[in-house]
Amino acid sequence: MSKRRITEQQARRIREGRERSHGLHESDLANQKKGLVLAHYGKAVAIWDTANNVPVFCHKRQHLGPLVVGDEVLWEAPTEQGVVTQVLPRRTCI
C-alpha cells in the first residue's frame with residue numbers, strides 16, 4: 001500500500017506544531033485551557049472545563065490518538081466548539 005500524501009495545509013500545520021512544541025510561548029499557553037475528558041463520542045469528546053466548572057463539547061485533533069475518560073487534556077476554543085490540542089501524561093492506569 002502506498003503512503004498517503006498530505007496536503008499543503010496539513011504540512012503547514014505540522015510545521016507550526018513542531019515549532020510551537022519546541023518553543024512554547026506564553027501566548028500559546030494563554031489560549032489553552034485545562035480540562036478532563038468526561039465522555040467520548042467518536043471524533044468528539046465532552047470535556048469538563050476545570051477553570052469554569054462547565055462541560056464543553058470539543059473535537060479532537062486526529063494525531064492525538066485515542067482518548068479515554070479521565071484523561072487530562074489541553075483545549076482551546078477558537079469558535080463556539082472547542083478543539084482538544086494536547087493530551088497530558090496519564091497519572092493512573094488500569
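Before any of the text, the structure's been laid out above.
Residues numbered from 1 in each chain as written. Predicted model: local features only at pLDDT ≥ 70, side-chain atom pairs only at ≥ 80, totals over all residues. Heavy atoms only, no water.

(A) Highlighting the pattern of salt bridges. For the structure on display, the rule yields one salt bridge. Here Arg90 makes a salt bridge to Asp71, at a shortest N to O gap of 2.7 Å. You can see Arg90 sitting in the segment after strand 5 (82–87) and its partner Asp71 sitting in the loop between strand 3 (54–60) and strand 4 (72–76), a full 19 residues away along the chain. Since its relative accessible area comes to 3%, Asp71 is described here as buried. (Salt bridge = Lys/Arg side-chain N within 4 Å of Asp/Glu carboxyl O. Helix = DSSP H or I, 4+ residues; strand = E, 2+ residues; numbered from the N terminus. Buried < 20%, exposed > 50% of the residue type's maximum accessible area, 1.4 Å probe, protein only.)

(B) Here's a closer look at the layout of surface pockets. Approximately 230 Å³ is the volume found for the second largest pocket. For the second largest pocket, the lining is made up of 13 residues, of which Val69, Gly70, Asp71, Arg90 and Thr92 are closest to its centre. Residue composition of the lining of the second largest pocket, grouped by class: seven nonpolar, two polar and four charged. (1 Å grid on protein atoms, 1.4 Å probe; cavity = no way out; pocket = protein on both sides within 12 Å on 5 of 7 lines; lining within 4 Å. Points joined across faces, edges and corners; volume = space filled by probe spheres on them. Nonpolar A, V, L, I, M, F, W, Y, C, P; charged D, E, K, R; others polar.)

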